Amino acid sequence: RVHYALRFVALAAAILGLLALLATGALPQMDQPVSAGAVALGGLIVGVGVSYGGGCTSGHGVCGIGRFSRRSVVATATFMASAILTVFVIRHLGA
């Protein structure tokens, strides 16, 4: 069955990642310029958006558009417009 193969691959990737970490002893460098509360709030907002939008951005963008779903085209256009507007406001208006 396919789902058993996917579970095996996911488990193997997790184990290999842990082995690589133990072999090198190097932890990845992580920089978090915002508070943990802001990260948690952002995750909650994303979760609500995924539920409200009927899927995640990559699911709509890759699979939905590939199936010529009108709903996914609109969703992806909305995601992209929101991202472009956010970057513009942050970079040019100093928000």
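Just so it is clear, the structure is predicted and the values come from calculations on it, not from any experiment.

A. How the structure looks around the overall build of the protein. Each helix and strand in the protein was counted, giving 4 helices and 0 strands. Along the protein, helices and strands appear, N-terminal first, in the series α-α-α-α. For the protein, the C-alpha radius of gyration of 19 Å lies well beyond 12 Å, the compact-globule estimate for 95 residues. Judged by the C-alpha coordinates and their principal axes, the protein covers about 45 × 40 × 20 Å.

B. Layout of unusual backbone geometry. One non-glycine residue, Phe68, lies in the positive phi region at around 60°. Residue classification places Phe68 among the exposed positions, given a relative accessible area of 76%.

C. Summary view of the confidence of the model for the protein. With 97% of its residues at a pLDDT of 70 or more, the protein has an overall mean of 85. Looking at the elements of the protein, mean pLDDT is at its lowest for helix α3 (residues 57-66), recorded as 82, and at its highest for helix α4 (residues 70-92), recorded as 89.

D. Looking closely at α4. Helix length check: α4, at 23 residues, gives a terminal C-alpha distance of 33 Å against a target of 33 Å (1.5 Å per residue), a fit within 8%. Taken together, the buried positions of α4 are occupied by Ser72, Ala75 and Thr76. Close packing links the buried residues of α4 with α3. The first or second residue beyond α4 is Gly94, which carries a positive phi of 65°.

E. Spotlight on the environment of Gly17. Looking at the secondary structure, you find Gly17 in helix α1 (residues 2-24). For Gly17 and His92, which are 75 residues apart along the polypeptide, the C-alpha to C-alpha distance reads 40 Å.

F. Main features of the environment of Leu44. Mapped onto the elements of the fold, Leu44 is located in helix α2 (residues 36-53). Given the relative accessible area of 54%, Leu44 is considered exposed. For the pair Leu44 and Leu11, spaced 33 residues apart in sequence, the C-alpha separation works out to 26 Å.

Parameters at a glance
- Residues numbered from 1 in each chain as written.
- Predicted model: local features only at pLDDT ≥ 70, side-chain atom pairs only at ≥ 80, totals over all residues.
- Heavy atoms only, no water.
- Helix = DSSP H or I, 4+ residues; strand = E, 2+ residues; numbered from the N terminus.
- Rg over C-alpha atoms; globule rule 2.2 N^0.38 Å.
- Buried < 20%, exposed > 50% of the residue type's maximum accessible area, 1.4 Å probe, protein only.
- pLDDT = per-residue confidence, 0-100.
- Expected span 1.5 Å × (residues − 1).
- Contact = heavy atoms within 4.5 Å.

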